[in-house]
Amino acid sequence: MAIVELNDVRRDPDTILTVGTFDGVHAGHRVLVNTVLQKAKSQNTRSAIVTFDPHPRDIISPGRGGIRLLTTLEERAEVLQELGIDDMIVIPFTRDFSLLGSDEFVRKIIWEKIGVQEFVIGYDHQFGKDRQGSIQTIQDLSKELGFRVHIVSKQEVDNHTVSSTAIRNALQNDGNVELATTLLQRNYFLNGTVVHGEKRGSSIGFPTANIQPSHPNKSIPKNGVYAVRVRVDGTFFGGMMNIGIRPTFYGTDLNLEVHIFKFNKDIYGETVQVRFIKRVRDEQKFSGIDQLRHQLEKDREKCHMILEADHG
């Protein structure tokens, strides 16, 4: 799959596409993406996802502190590539772009710049300046310009309405990575760089890799211990991750540290991926090292059992 900046895009009128931020590429997004893929395959045309970076809310409502991302641009690209999309076309979302009217967006960018044969759109999609654009806007322009429109209905999974907000709430408020997995139709993951820590884990027999997420606004699950899988150099290893402030050592800063099972390589400076399988417990403060070590041994045993039972 090609990640294409808007300025570098090749116009191709034989293109099936959909437009959106697609943060998370969750189950609802996947229906749109799969519709694009099926139509492009049957008609032998280009499949394209038109997306934005940074997240539009960061530009339109900057005072809210930045939205917590389910997927960085690179993570979004990885998921879309796995699904089989030909091109992910990235529009830089700026203040000027946010003032572009919906009619002009479809005419100047979708039709003239990218090219479109069929526009796949969600049932409630709104776009353009002040979100004035709607399905009706696209349908009206499709008749004038000569492309087709396909509308995708509301999506629910296990009686949950699928949305990026619902997934963020599950992760950040409850640490419910299993619900997130259901709504995403994949394990929630984060990419990050292994950085130097205080090496306390090694001293008690649980060496950890300290992870710095690849984006400062990446959504981090609620503090606690999780069974995870860790990708290092293309290979996945089981592990357990602690997210928190390390209260036993009177810490105050948030740390993401993962103990990788059956692994002893030096990976400082490398990029790894952590996939969350299940939450094990809350973060706790222990009376001392021995009590902490005993709990970590129990956590490790529980994580092994979780990972053995998981076939994801």
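Residues numbered from 1 in each chain as written. Predicted model: local features only at pLDDT ≥ 70, side-chain atom pairs only at ≥ 80, totals over all residues. Heavy atoms only, no water.

### Quick word on the overall build of the protein
If you tally the helices and strands in the protein, you get 10 helices and 14 strands. Scored against the burial criterion, the 312 residues of the protein give a buried share of 51%. For the protein, the share of sequence-separated contacts (at least 6 apart) that also reach a separation of at least 24 residues comes to 75%. With an accessible surface of roughly 15100 Å², the protein has 45% of that area assigned to carbon and sulfur atoms. Between the centroid of the 39 positive side chains of the protein and the centroid of its 40 negative side chains there is a distance of 2 Å. (Helix = DSSP H or I, 4+ residues; strand = E, 2+ residues; numbered from the N terminus. Buried < 20%, exposed > 50% of the residue type's maximum accessible area, 1.4 Å probe, protein only. Contact = heavy atoms within 4.5 Å. Areas by Shrake-Rupley, 256 points an atom, 1.4 Å probe, with all protein chains shown as cover. Lys, Arg positive; Asp, Glu negative; His and termini not counted. Charge placed at Lys NZ, Arg CZ, Asp CG, Glu CD.)

### Concerning the side chain of Arg30
Following the sequence through the fold, Arg30 ends up in helix α1 (residues 27-43). Setting aside anything within four residues of it in sequence, one finds Arg30 in contact with Val25, Val79, Leu83, Leu184, Gln185 and Arg186.

### Brief notes about the sheet that holds strand β10 (residues 209-213)
Judged by pairing direction, the barrel is antiparallel, and its 6 strands sit side by side in the order β9-β10-β13-β12-β11-β14 before closing back on the first. The average angle at which neighbouring strand axes cross in this sheet is 45°, direction not considered. Note that strand β9 (residues 189-195) and strand β14 (residues 271-281) share 5 bridges and pair antiparallel. Considered in β14, the bridge of Leu190 is made with Val274. (Pairing = 2+ DSSP bridges. Axes fitted to C-alpha atoms, helices over the stretch in contact; angles between N-to-C directions.)

### So, helix α7 (residues 164-174)
Of all the positions in α7, only Ser164, Ile167, Arg168, Ala170 and Leu171 are classed as buried. Axial view of α7: buried residues confined to an arc of 160°, hence all on one face. For α7, the elements touching its buried residues are α1 and α8 (177-184). Residue Gly175 follows α7 closely and has a positive phi angle near 65°. (Arc of directions from axis to C-beta.)

### Description of the pairing of strand β12 (residues 235-244)
β12 sits mainly inside the fold: 7 of its 10 residues count as buried. With 9 bridges connecting them, strand β11 (residues 224-232) and β12 associate as antiparallel partners. By the bridge assignment, Tyr226 is partnered in β12 with Met241. For β12 and strand β13 (residues 255-260), the ladder comprises 6 bridges, and the chain directions are antiparallel. Paired with Ile243 across the two strands is Leu256, which belongs to β13.

### Here we look at the sheet that holds strand β1 (residues 2-5)
Taking strand neighbours across the sheet as the criterion, the 6 strands line up as β1-β4-β3-β2-β5-β6 in an open arrangement whose pairing is parallel. Edge positions in the open sheet fall to β1 and β6 (148-152), since each of these has one partner strand only. Strand after strand, the sheet turns through a mean of 25° between neighbouring axes, direction not considered. With respect to the sheet, helix α5 (residues 102-114) is in contact with β2 (15-19), β3 (46-53), β4 (87-92) and β5 (118-122), its orientation differing from that of β2 by roughly 145°.

### So, the packing of aromatic side chains
One pass over the full model with this rule turns up 9 aromatic pairs. On the basis of an interplanar angle of 45° and a centroid distance of 5.9 Å, the ring pair of Phe52 and Phe97 is categorised as tilted. Taken together, the residues span a long stretch of sequence, with Phe52 in strand β3 and Phe97 in helix α4 (residues 95-98) at a distance of 45 residues. Look at Phe97 and you get buried, because its relative accessible area is 16%. (Phe/Tyr/Trp six-rings, centres within 6.5 Å; stacked < 30°, edge-to-face > 60°.)

### Describing the pattern of salt bridges
Counting across every chain of the model gives 14 salt bridges. For Asp87, the salt bridge goes to Arg46, with nearest N and O atoms at 3.3 Å. A residue pair is termed long-range when its members are at least 10 positions apart, and Asp87 in strand β4 and Arg46 in strand β3 qualify at 41 residues. Pair check on accessibility: Asp87 and Arg46 agree, each one buried. Taken together, the salt bridges that share partners define one network made up of Lys39, Glu118 and Arg148. (Salt bridge = Lys/Arg side-chain N within 4 Å of Asp/Glu carboxyl O.)

### Section: unusual backbone geometry
Note: most residues except glycine have negative phi, and most peptide bonds are trans. In this chain, Asp53 is followed by Pro54 through a cis amide linkage whose omega measures 0°. Here Pro54 lies in the loop between β3 and α2 (56-60). Even without being glycine, Phe22 reaches a positive phi, approximately 55°. Inspection of the secondary structure assignment puts Phe22 in the loop between β2 and α1. Look at Phe22 and you get buried, because its relative accessible area is 3%. In this model, Gln185 sits at a positive phi of 60°, which is unusual for a non-glycine residue. Note on placement: Gln185 falls in the loop between α8 and β9. Accessibility expressed as a relative area gives 46% for Gln185, which makes it partly exposed.

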